[in-house]
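Close look at the chain arrangement
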Amino acid sequence: MSDALLQLRGIDKHFPGVHALKDARFDVRRGEVHALIGENGAGKSTMIKIVSGVYQPDTGEILLDGRRVEFSNPREAHAAGIATIYQELGLYPELSVAENIFMGHAPTMKRFGLRAIDWEAMEQGAAALLAELNIHNLDVGAKVGTLNVGNRQRVEIAKALSLDAQILIMDEPTAALTESDVEQLFSIVRLLRERGVSIIYISHRLNEVFELADRVTVLRDGDYIGTQDVSATSEGELISMMVGRTIENLFPKQVAEIGDVVLEVRNLNRPPLTRDISFSVRAGEIVGLAGLVGSGRSETAQVIFGVLPAESGEILLNGQPVKISRPSEAVDHGIGYVPEDRGHQGLIREMTIRENTSMAVLELVSKNTFISRAKERVLANHSIRQLSIRATGPDQTANKLSGGNQQKVVVSKWLASSPKLLIMDEPTRGVDVGAKSEIHRLMSQLAAEQGLAILMISSELPEILGMSDRVLVMREGRLVGEFTREEATQELIAHAMMSATPAVTSDVGATL
Amino acid sequence: MKRTFAITLILALLLALVAMPLSADGHERWDGADDLDVNPLACGMGDEMMEDDDGDMEEEMEMMEYDGGMAAMGDDMAGMDITLVDVPKLVGIGYFAATTLGQQQAAEELGNVSVTTDAPTEANIDDQIQVIDSYITAGVDGILFAANDPVAIAPVLRKALEAGIHVVGYDANSEPDAREWFVNQAEFNGIAKALVDSLADQMGADASFGIVTSTFTTPNQARWIAEMWAYAGECYPDLEWLETLEAQEDAVLSFQQAQTLLNKYGEDLDGIFAMTSVATPNGADAVQQADACEDVAVVGLATPNGMKPYVNSGCVRDVILWNPVDLGYAAVYVMRAVVDGEFGPGDASVSAGRLGDLVVVNGSEVLLGPPFTFTADNINDFDF
Amino acid sequence: MTDKKTGQPIPRNPTLGEKLRHLLISQEGVLFVIMLVSVLFLATRTDKFLTVDNLLQQGRFMTEVGLIAIPMTYIIITGGIDLSVGSILGLTAIVLGWTWQELGFPLELAIVTGILSGTLAGFVNGLFIVRVGVPPLIMTLATLALYRGLAEGISEARSARGYPEWFFQLGQGEFLGIPTQLWLLIIAVIVFGIVLARTRLGRALYAIGNNELGARFSGLTVNRHLLFIYTFSGFMAGVAGYIFVSRVSTTRSDMGTGIELDVIAAVVLGGTSIFGGTGSIPGTIIGVVLIQLLKNGLTLSGVTSDATIVVIGSVLIFAILVNNFIQSRREES
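Residues numbered from 1 in each chain as written. Chains lettered and ligands numbered in written order. Predicted model: local features only at pLDDT ≥ 70, side-chain atom pairs only at ≥ 80, totals over all residues. Heavy atoms only, no water.

Counting its regular elements, chain B contains eleven helices and 14 strands. By residue count, 55% of the 384 residues in chain B fall in the buried class. Considering only contacts in chain B between residues 6 or more positions apart, those separated by 24 or more positions represent 76%. (Helix = DSSP H or I, 4+ residues; strand = E, 2+ residues; numbered from the N terminus. Buried < 20%, exposed > 50% of the residue type's maximum accessible area, 1.4 Å probe, protein only. Contact = heavy atoms within 4.5 Å.)

Each partner contributes residues to the interface: chain B has 37 residues there, and chain C has 39 residues. A combined buried area of about 3,200 Å² lies between chain B and chain C, and 63% of that area is made up of carbon and sulfur atoms. At the junction of chain B and chain C, the tally comes to two salt bridges. Residue Asp149 of chain B is joined to Arg252 of chain C by a salt bridge in which the shortest nitrogen-to-oxygen separation is 2.8 Å. Those elements that place two or more of their residues in the side of chain B that touches chain C are helix 1 (2-22), helix 4 (125-138) and helix 5 (154-162) of chain B. Of the residues forming the side of chain B that touches chain C, the biggest block, eleven residues, is contributed by helix 4 of chain B. Considering only residue class, the side of chain B that touches chain C consists of 21 nonpolar, eight polar and eight charged. (Buried area = accessible area lost by both parts, 1.4 Å probe. Salt bridge = Lys/Arg side-chain N within 4 Å of Asp/Glu carboxyl O. Nonpolar A, V, L, I, M, F, W, Y, C, P; charged D, E, K, R; others polar.)

Let's shift gears to the side chain of Thr276 of chain B. All names here are of chain B. Structurally, Thr276 can be placed in the loop between strand 8 (271-274) and helix 9 (279-289). On the basis of relative accessible area, Thr276 is assigned to the buried category, the value being 2%. Polar side-chain contacts of Thr276 include one of 2.8 Å to the backbone nitrogen of Ala279. (Polar contact = N/O pair within 3.5 Å; in protein donor to acceptor, adjacent residues only side chain to side chain.)

Take a nonpolar patch on the surface next. A surface patch of nonpolar side chains, about 340 Å² in accessible area, is lined by Phe370 of chain A together with Ile186, Ile190 and Ile194 of chain C. Considering each element in turn, the nonpolar patch owes the most residues, three residues, to helix 9 (residues 180-198) of chain C. Take Ile190 of chain C: it is sitting in helix 9. According to the relative accessible area criterion, Ile190 of chain C is partly exposed, its value standing at 49%. (Patch = residues over 30% accessible without salt bridge, like charges linked within 9 Å, V, L, I, M, F, W, Y side chains within 5 Å. Areas by Shrake-Rupley, 256 points an atom, 1.4 Å probe, with all protein chains shown as cover.)

A few words now on the state of the cysteines. Formally, a disulfide is one covalent bond, and it connects the sulfur atom of one cysteine to the sulfur atom of another. Residues and elements named next belong to chain B. All chains considered together, the criterion is met by two disulfides over all chains. Disulfide pairing is shown between Cys43 and Cys235; the S-S distance is 1.8 Å. One quick way to see it: the torsion about the S-S bond of Cys43 and Cys235 is about -90°, and its sign makes the bridge left-handed. Here the residue Cys43 occupies a position in the loop between helix 1 and helix 2 (46-60), and Cys235 occupies one in helix 7 (residues 219-235), the gap between them amounting to 192 residues. (Disulfide = S-S within 2.5 Å.)

So, on to the packing of aromatic side chains. The tally for this structure, following the rule as stated, stands at 27 aromatic pairs over all chains. For the ring pair Phe372 of chain B and Phe382 of chain B, a centre distance of 5.4 Å and an interplane angle of 70° mean the geometry is edge-to-face. Taken together, the residues span a long stretch of sequence, with Phe372 of chain B in strand 14 (residues 372-374) and Phe382 of chain B in the segment after strand 14 at a distance of ten residues. By relative accessible area, Phe382 of chain B is classed as buried at 13%. Consider the rings of Phe167 of chain C and Tyr242 of chain C, whose centres lie 5.7 Å apart with planes at 50°: the pair is tilted. In this pair, Phe167 of chain C sits in the loop between helix 7 (136-155) and helix 8 (169-172) while Tyr242 of chain C sits in helix 12 (residues 222-248), placing the two residues 75 residues apart along the sequence. The buried category is assigned to Tyr242 of chain C, whose relative accessible area is 15%. These aromatic residues form a ring-pair network of at least three members: Trp100, Tyr163, Trp166, Phe167, Phe168 and Tyr242 of chain C. Positioned over the ring face of Tyr329 of chain B is Arg354 of chain B, at 3.9 Å from the centre of the ring. (Phe/Tyr/Trp six-rings, centres within 6.5 Å; stacked < 30°, edge-to-face > 60°. Lys NZ or Arg CZ within 6 Å of the ring centre and 35° of its normal.)

Moving on to helix 1 (residues 44-51) of chain A. Residue and element names in this part refer to chain A. Among the eight residues of helix 1, six are classified as buried, and the element is accordingly described as predominantly covered. Listed as buried for helix 1 are Lys44, Thr46, Met47, Ile48, Ile50 and Val51. After helix 1 finishes, the residue Gly53 shows a positive phi value of roughly 85°.

Relative orientation and spacing of two packed helices are given, respectively, by the angle between their axes and the distance between those axes. All names here are of chain C. Between helix 5 (residues 85-101) and helix 6 (residues 107-132), whose axes approach to 8 Å, the crossing angle comes to 145°. Between helix 5 and helix 6 the crossing geometry is right-handed. Contacts between helix 5 and helix 6 involve Ile88, Leu91, Thr92, Val95, Leu96, Thr99 and Trp100 from the former and Leu107, Ala110, Ile111, Thr113, Gly114, Ile115, Ser117, Gly118, Ala121, Gly122 and Asn125 from the latter. The residue inventory of the contact of helix 5 with helix 6, partitioned by class, reads ten nonpolar, eight polar and no charged. (Axes fitted to C-alpha atoms, helices over the stretch in contact; angles between N-to-C directions. Left-handed = near helix turned anticlockwise from the far one by under 90°.)

Turning our attention to the interface of chain C and chain A. Listed as interface residues are 27 residues of chain C and, on the opposing side, 40 residues of chain A. Taken together, the two surfaces of chain C and chain A that pack against each other cover about 2,900 Å², and 57% of this comes from carbon and sulfur. Measuring nitrogen to oxygen at the nearest pair gives 3.8 Å for the salt bridge that ties Glu355 of chain A to Arg203 of chain C. Counting only elements with at least two residues in the side of chain C that touches chain A, the list comes to helix 1 (3-6), helix 9, helix 10 (200-210) and helix 11 (212-217) of chain C. When grouped by side-chain class, the residues that make up the side of chain C that touches chain A number ten nonpolar, ten polar and seven charged.

Right, let's talk about the domain arrangement of chain B for a bit. All names here are of chain B. Under the domain assignment, chain B is made up of domain 1 (82-186 + 323-369) and domain 2 (187-321). Across the boundary between the two partners, domain 1 contributes six residues, which contact four residues of domain 2. For the pair domain 1 and domain 2, the two sides together bury roughly 400 Å², of which 59% comes from carbon and sulfur. At the boundary of domain 1 with domain 2, the tally comes to zero salt bridges. By residue class, the composition of the side of domain 1 that touches domain 2 is three nonpolar, three polar and no charged. (Domains from an automatic or database assignment.)

This part covers the pairing of strand 13 (residues 261-270) of chain A. Residue and element names in this part refer to chain A. As judged from the six bridges shared by strand 13 and strand 14 (residues 274-282), these two strands associate in the antiparallel manner. The residue bridging Leu263 from the neighbouring strand is Val281, located in strand 14. Where strand 13 folds back onto strand 14 in an antiparallel hairpin, the turn is made up of three residues. Pairing analysis gives five bridges linking strand 13 to strand 16 (residues 312-317), with the strands arranged antiparallel. Opposite Glu264, over in strand 16, you have Leu316 as the bridge partner. (Pairing = 2+ DSSP bridges.)

Moving on to unusual backbone geometry. Residues and elements named next belong to chain A. Residue Pro272 is reached from Pro271 by a cis peptide bond, and omega for that bond is 5°. Examined against the element boundaries, Pro272 turns out to sit in the loop between strand 13 and strand 14. Within the chain, Thr369 stands out as a residue other than glycine whose phi angle is a positive 70°. For Thr369, a relative accessible area of 33% gives the class partly exposed.

The subject of this paragraph is the sheet that holds strand 17 (residues 320-322) of chain A. Residues and elements named next belong to chain A. Here four strands make up an open sheet; going across it, the order is 14-13-16-17 and the pairing antiparallel. Across the chains shown, the open sheet's two edge strands, defined by having one partner strand only, are strand 14 and strand 17. This sheet shows a mean twist of 20° between the axes of neighbouring strands, independent of strand direction. The strands that helix 9 (residues 297-305) touches are strand 13, strand 14 and strand 16; relative to strand 14, the one it contacts most, it runs at about 70°.

Another aspect to go through is the confidence of the model for chain B. Residue and element names in this part refer to chain B. On average, residues of chain B score 83 in pLDDT, and 88% of them reach the 70 mark or higher. Counted against residues more than four places away or in other chains, residues 21-27, with its pLDDT under 50, gives four contacts. Per-residue pLDDT stays below 50 along residues 46-61; that stretch engages in twelve contacts with residues further than four places along the chain or on separate chains. (pLDDT = per-residue confidence, 0-100.)

Residue and element names in this part refer to chain C. In contact at an axis separation of 11 Å, helix 9 and helix 12 are set at 165° when each is read in the N-to-C sense. It follows from the interaxial angle that helix 9 and helix 12 lie roughly antiparallel. Viewed along their axes, helix 9 and helix 12 form a crossing whose handedness is left-handed. Here Gln181, Leu184, Ala188 and Phe192 of helix 9 lie close against helix 12, whose contacting residues are Phe232, Met236, Val239, Ile243 and Arg247. By residue class, the composition of the contact of helix 9 with helix 12 is seven nonpolar, one polar and one charged. (Parallel < 35°, antiparallel > 145°, perpendicular 65-115°, else oblique.)

The next subject is the side chain of Gln292 of chain C. Note on placement: Gln292 of chain C falls in helix 14 (residues 281-300). By relative accessible area, which is 6% here, Gln292 of chain C ends up buried. Engagement of the side chain of Gln292 of chain C in a polar contact is seen with the side chain of Gln130 of chain B, the distance being 2.9 Å. Filtering out sequence-adjacent residues up to four positions away, Gln292 of chain C remains in contact with Gln130 of chain B together with Gln58, Phe61 and Met62 of chain C.

Quick look at the structure:
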């Protein structure tokens, strides 16, 4: 490791009540992509914040090009050639691409004795930087706010390069990208690597690590676990390094007894994204709902849950037609909804676990409208045990939890309401590997042991295939396919999701 | 549907509530006059006549019985140093700065009085009550006030009287029994007479005029207009009233309304009565801009500072108001006389330093005198 | 899942000392200490301040602001605002006086009509905010003007006066040695303080304020709650209007002008976040009391009104800074 461009040794970092990093190590060679992985709370964020000067380590040293350096703020790290591209991009939406790229160091010229921005030079410089990244279709004069996420990210990368960054830190860069944007990002990363830029790449997605990285370092609970050459390791090894045990089965599907129809929808209509939808979900059954983003899956779920009430069509619960025009009515009818946007829809992050778990069942924990905190605490403690929520206690605020544990709190909120039907929209998005398999195990268990009917929306085909008893596919607001667990394959579903020929639409409604 | 209907219904109800009080009302009087009884003064012109009037009135009217309140017996402070607090409607405006100046002049002359002025920065009835209450608790020998509301201020003033604190009002009265004396700067009929006399003197007894007021229901303005109507009816039956326009107390609107009168009546218009201190300078401005200073006389109530340009340029001859410096000055003299036991129920006049003897009217009011007319000769001596 | 990961230490019951410390560094605790310091300081400046009579009199003066501050706390906790309370107070007063004097209602009925019209005014606010989706700031800014205009239109700038003696009992009388309206405030503070802190309604308000969408997705009836609190705000402004008329013996259309700012200042001083989600009735009431005592105490120690506002503004900023500092330290530890 003598050729390391950046080296971190013996890094310790404490926060009040948390030992975030314990004697951690990390190094980056010139021109390599080094992946940094670990479950949420493993210390990855702390590590990159130390590298980028946001935090200062309690002990330990940072060597850049063999020389010891100390960054007391992000500006100093910047000056040393370290740039960070965060999940939440730090761009100004009202400014143009060129202005964003040169924010803070715009080329200037003398005019009327004053230093003025040389707009022409700036636009040319911006175009040149983008061209270096093989990006030719981006208008440097466009407002950043009008760009899609992928393009915004490219602007951010160009901005980092305009500062002559030697080390680029990318924190979950693909989290919000579409398939084609991901491909383009990868080619940019490879381009940069060839040019000798070192990249620290943080991701939850192991397949990206294998596709892109040269080496991978694993952290767990603040401990340094190890660094491997990607070519010499396997997915299974990395997972067991991350979670500290081997996960035999990513999708622990139990055999469940399928009972009566719990939910039946008939000709549900709320254009444009819910058109003439008919299907049913039975007790103990997990029905997977697949489709591209924008195909109307979440919207259909929200029609059933009353967020976007149906314009026409019928909803039947246990055979009884019901009218649902707002979420509170859906809850009264025994429907739970774990929404896709955990932070905004699922949780009230500023409130405690206790308050979140009782949110949908306030009448159960109260007497004559007075809430009993003791009852709430019992409920919260029960949820913490049942779902293995990692928290300091029921009175911890939800935003202090990792993504996976936040998701478990959302699930526990609905379990507390003893629903007949649970709709889970992207239940494991942004959740680390360990928590993901816990949530999957829980879903199986609920279906098999309590006969819960589950409608699961997912963009991950392995999850759909692994968890579903039956798979429905949506495209452009319509139901376009239905497959049993046995007949479903990745190719069949992908084909149904994307094919423009409405092959099976006509008779799906009728057979259900 | 039901919801839309309900919302529409509520809106309709609200609108009806607004509209109802605005409709219905026959108008015999000039627009903007109120419907209370009027008491026009005798006809006549000029200051000398006015003073004679006062003399006549005293004899004509049988002396009204004292209807003010009484401070509880406290220590006899006659001739001793006393501390007064002055609570005007608000602080921070030129008018009350002038009354404060008069009070300080009186305090200096007397030598045994100290006055502090303290009031809310907005004319808010509740804030004023709270300020007075705090001074009662803090303990002062006398309270001078200008009420934001005659009734609302009464309980706290009564409380002061009960605590043995002397209470004298000026500028804006309270209920009579809540204070001992009120220094009346000018009676409504006096102002009305001065305004109408000035117009008739400038443009003749058969002049045609319009009025720019604040709103038809603003109490003081409505009272003045009613008194003007009564006085003109008796003394100048040939004066022709054309129209009254509302301009709130808004500078731009006042200017526009004066313009409206000028454009609408053209040659027929001889004069404009401006009833607020905003309407007068802006009305004068409109006349000056229309180059009509010779043909249209603006007569109004205003403070001198705003009117200096028009008076000095000769476009406006008379500005009617009282002298607020004298008003504050008189209030302190009255208070001193009350404390010293020299002035009490039944007295017909009180001595007020440089102002001489001021007469008692309406039972428990001390009249400052006839309204003060600012002209090119004296307006530059005033700064408020 | 192994036990190692879930095995959290079971929290033991906090000792009395810890409870006390916790209370002291809470928003309300910090504010209470600031209030005590202010009171002690003012007491050293003048012996007229810290007397039973004076303090009770201040209680009388702050009742209207205090009553309106209760629903305002609710509303601000949900992330809303109600700027129209001052105008509703004025409207209530005018309707009370007008129905009694002009329409010849019995005074009792006039009082009820007045308060009902205040409630209706609040309901209209809520209806437009919830059903039409007008932002609360815009809606109540509009009705701030509309209700005031309505009051002026109805009253035609005339005052209704000459109420019978019994009418003044609430505003000027005493019960068991304490100003009558202060009893009402004390009861309201206790009842609505408990409602906010302990009931489902209160919990829902916090949930809405922290994340309205999340509350909706949890099956809470968000619209119903919002409609209720704006109506409640109108009702309390109406009650305050009645008390105000009873205290000053007259009705005027400009009554309550600017009171919304006093109320909001007290609520925010009391630790309620203007962005919603946090706040409490005890905090609010300490805010109301602190402002009232400062106003009074400073006047008594010879500070004039214009200087007093400056001092109050400074204390407001100071208290908020101190609280932010302590709360951020508490978050860390």
